[in-house]
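Chain residues, written in single-letter form:
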Amino acid sequence: MSTRAVILKNISANLLLQLITALGGFILPPLIIVTYGSATNGMLASIKQFIAYLTLLEAGIGAAAIVALYQALTTRDNQLRNRILAATHHFYRICGSLFVIALLALAILLAWLTHNEISASLTFYMVLVMGAVNILDFFLFGSYRALLTADQKTYIISTIQAGSILANIAVCYWLISAGYNILTVQIASTLIQASKFLLYRQYVKHHYDNLNQHYDNLNQHYNKHNTYKLQQTWDALTHQLTGLLIFSSPLVLITLFLSLKDASVYAVYALIFGAIKMALQSLSQGMQAIFGHSLATNPERARHNFCRYNRLFMCFLGWVYTCTGLLLTPFIQLYTHNMTDANYHQPALAILFLLVGIIENSRIPSMTIIMAAGRYKATKPQALLEAGLNIACSLCFIQLWGSAGILLAALVSFLYRSSEMVHYTCKHILSLSCIRPYLLWLVVFATIAITISIGWQPVSNISVHNYLDWIKLSCIPGLSTAIPFALLLFLIYRRPAQ
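Residues numbered from 1 in each chain as written. Predicted model: local features only at pLDDT ≥ 70, side-chain atom pairs only at ≥ 80, totals over all residues. Heavy atoms only, no water.

**Describing the packing of aromatic side chains**
Note the threshold: Ring pairs are drawn from Phe, Tyr and Trp, using the six-membered ring of Trp, whenever the two centres fall within 6.5 Å, and their geometry is named by plane angle: stacked under 30 degrees, edge-to-face over 60, tilted for the rest. Secondary structure elements follow DSSP: runs of H or I no shorter than four residues count as helices, runs of E no shorter than two count as strands, and numbering proceeds from the N terminus. The rule is simple: take the accessible area with a 1.4 Å probe, protein chains only, and divide by the maximum for that residue type; under 20% is buried, over 50% is exposed, in between is partly exposed.
Within this structure, the stated rule accounts for 20 aromatic pairs. Both rings, one in tyrosine 309 and one in phenylalanine 313, keep their centres 6.2 Å apart while their planes meet at 50°; by these two values the pair is tilted. Here tyrosine 309 and its partner phenylalanine 313 are both found in helix α12 (residues 299-335), four residues apart, which amounts to about one turn of the helix. You can call tyrosine 309 buried: its relative accessible area is 8%. Taking relative accessible area as the criterion, phenylalanine 313 reaches 0% and is therefore assigned buried. Each ring, one from phenylalanine 331 and one from tryptophan 470, has its centre 5.2 Å from the other, and the planes form 55°; the classification is tilted. Taken as a pair, phenylalanine 331 in helix α12 and tryptophan 470 in helix α18 (residues 467-480) lie far apart in primary sequence, 139 residues in all. Of the two residues, phenylalanine 331 and tryptophan 470, both sit in the buried class.

Here it is in structure tokens:
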């Protein structure tokens, strides 16, 4: 299969996954809030973030395995592939056992922290049920995911995941509408998500010859000195740790320092901007493996492809966030119309989420190259500095400005790290000047600001009473704002890499 075909399949499948995920995110939370209350929705959002912290136990294993598998897959060395998978599976089993213990501790702790707003027994069982999927991931799928990702087959992961989410949406919607309690709904959701692991396993078993990931069996053929050891596992772990600290800490801090209702409000805005982030990430899906192969075989081609990819991505980002800035207010009004037990209309939060999203996602092309090159150790100090800056500012700012302070802290740390990633990628990996990427940032950011300023008043004057009105309204800025970014892309896309 050609590189272009692989890219199209990976991006298309991932875009489908993100659309279905966003669909579920927009359908289920309002129903949960109306049926069970904002406190319950805040509890669910907080549990997801706490469990995300616990998955740090595996962080670094998958990333290191993906980089290691490039060589084995390129040379079709099945023995090396199996040794890498055996080492990966061995780590996942150890971490899975630790995860089970940590999950029990979390269930007890969170039940105690939130007992004044939510039943302690309900919180306890919800943590265990929601964490069950992660346990299965540790023991059944972790090493297979690394294999499929390294082999440029993320479209398999995305397609199966999309199917399971679609089934989950339908079942949960029916259960909630039928009046079942939230624990029953979550148990059904967990069972549906667990079924996807069987499909992953069947695909891998049928498409890879002589696959063996059992650590003990392979040690019968290789002595322990020759057993494969994953490189940079701890360095990759550091990156995963800092990333998860930054992106998962807001709801945790809001739960600890504010309230579950504040967590619910934040989660609603985070859901919307998270869907936008996933749409942008769909453009990078599968690109890490492609860049990983080209950096190893043809660095000049990697430079050329990265420059075009970065230009395309930044123009798409500009268009997406311009549309978001113009259409967010009427959407929030519709989306939260029936949510009356908390104040969901907070323009300051919306503006800050918009700014944070633009700066954060501008790093995606550079981050893709850094991961493809396996530069985990070299960029570890910068990742630690970003996390330290974010957490320190968050702890200070949340006391002064509440949820808005969390976003201001993210803005500070993202400005540092995103600009540093561009510098590192250009100077240390691709041997390019970083002036042009920075100029592209400025042009795109300025275009976003000018276009929103021009379009804000005309869009605000149009009344929106339902989602059909909003969809009709979105066509106007969607088409008109595409013009400046399409023109910019036309002018810069084919310029040579320098």
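**A closer look at the environment of methionine 43**
Applicable threshold: Any two residues whose heavy atoms approach within 4.5 Å at even a single point are treated as in contact.
Mapped onto the fold, methionine 43 is located in helix α2 (residues 38-54). As a C-alpha pair, methionine 43 and valine 459 span 416 residues in sequence and 35 Å in three-dimensional space. Methionine 43 has contacts with Ile118, Thr123, Met126 and Leu260, leaving out every residue within four places of it along the chain.

**Notes on the packing of helix α4 (residues 78-113) against helix α5 (residues 120-150)**
To keep things clear, this is the line we draw: Throughout, an axis means a line fitted to C-alpha atoms (over the contacting stretch in the case of helices), and angles, computed between N-to-C directions, take values from 0 to 180 degrees. Any angle that falls under 35 degrees is termed roughly parallel, while one over 145 is termed roughly antiparallel, one within 65 to 115 roughly perpendicular, and all others oblique. In this classification, the charged set is Asp, Glu, Lys and Arg, the nonpolar set is Ala, Val, Leu, Ile, Met, Phe, Trp, Tyr, Cys and Pro, and all remaining amino acids, among them Gly, are polar.
Across the interface, α4 lies against α5 with an axial gap of 8 Å and an inter-helix angle of 175°. Taken together, the axes of α4 and α5 lie roughly antiparallel to each other. Split into classes, the residues belonging to the contact of α4 with α5 amount to 20 nonpolar, nine polar and three charged.

**Remarks on the pattern of salt bridges**
Threshold: Counted as salt bridges are all cases of a side-chain nitrogen of Lys or Arg within 4 Å of a carboxyl oxygen of Asp or Glu.
For the structure on display, the rule yields seven salt bridges. Taking the shortest distance from any N to any O, the salt bridge between glutamate 300 and arginine 303 comes out at 2.5 Å. Here the residue glutamate 300 and the residue arginine 303 both occupy positions in helix α12, the gap between them amounting to three residues, near one helical turn. Residue arginine 303 is classed as buried on the basis of its relative accessible area of 19%. The shortest N-O distance in the salt bridge between arginine 417 and glutamate 420 comes to 2.6 Å. Taken together, the residues span about one helical turn, with arginine 417 and glutamate 420 both in helix α16 (residues 403-429) at a distance of three residues. Each member of the pair, arginine 417 as well as glutamate 420, is classed as buried.

**Examining the side chain of serine 362**
As a reminder, the rule being used: Each polar contact in these results corresponds to two N or O atoms within 3.5 Å; when the atoms are within protein, one needs to be able to donate a hydrogen and the other to accept it, and residues that are neighboring in sequence are counted only if both atoms are side-chain atoms.
Looking at where serine 362 falls in the secondary structure, it is placed in the loop between α13 (347-361) and α14 (364-372). You can call serine 362 buried: its relative accessible area is 1%. Within polar-contact distance, the side chain of serine 362 engages the backbone oxygen of isoleucine 358 at 2.6 Å. When residues no more than four places from it in sequence are discounted, the contact partners of serine 362 are Met314, Leu317, Trp441 and Phe445.

**Focus on the nonpolar core**
Applicable threshold: Among buried residues, those of type Ala, Val, Leu, Ile, Met, Phe, Trp, Tyr and Cys that are joined through side-chain atoms within 4.5 Å constitute a nonpolar core.
Leu280, Phe313, Leu317, Tyr321 and Ile448 are the most contacted members of the largest nonpolar core, which has 85 residues in total. With 18 residues, the single largest contributor to this core is α12. Excluding anything up to four places from it in sequence, isoleucine 448 contacts Leu317, Gly318, Tyr321, Thr322, Ile358 and Phe485. Leu31, Met43, Ile61 and Met126 belong to the second-largest nonpolar core, a separate cluster that totals 31 residues.

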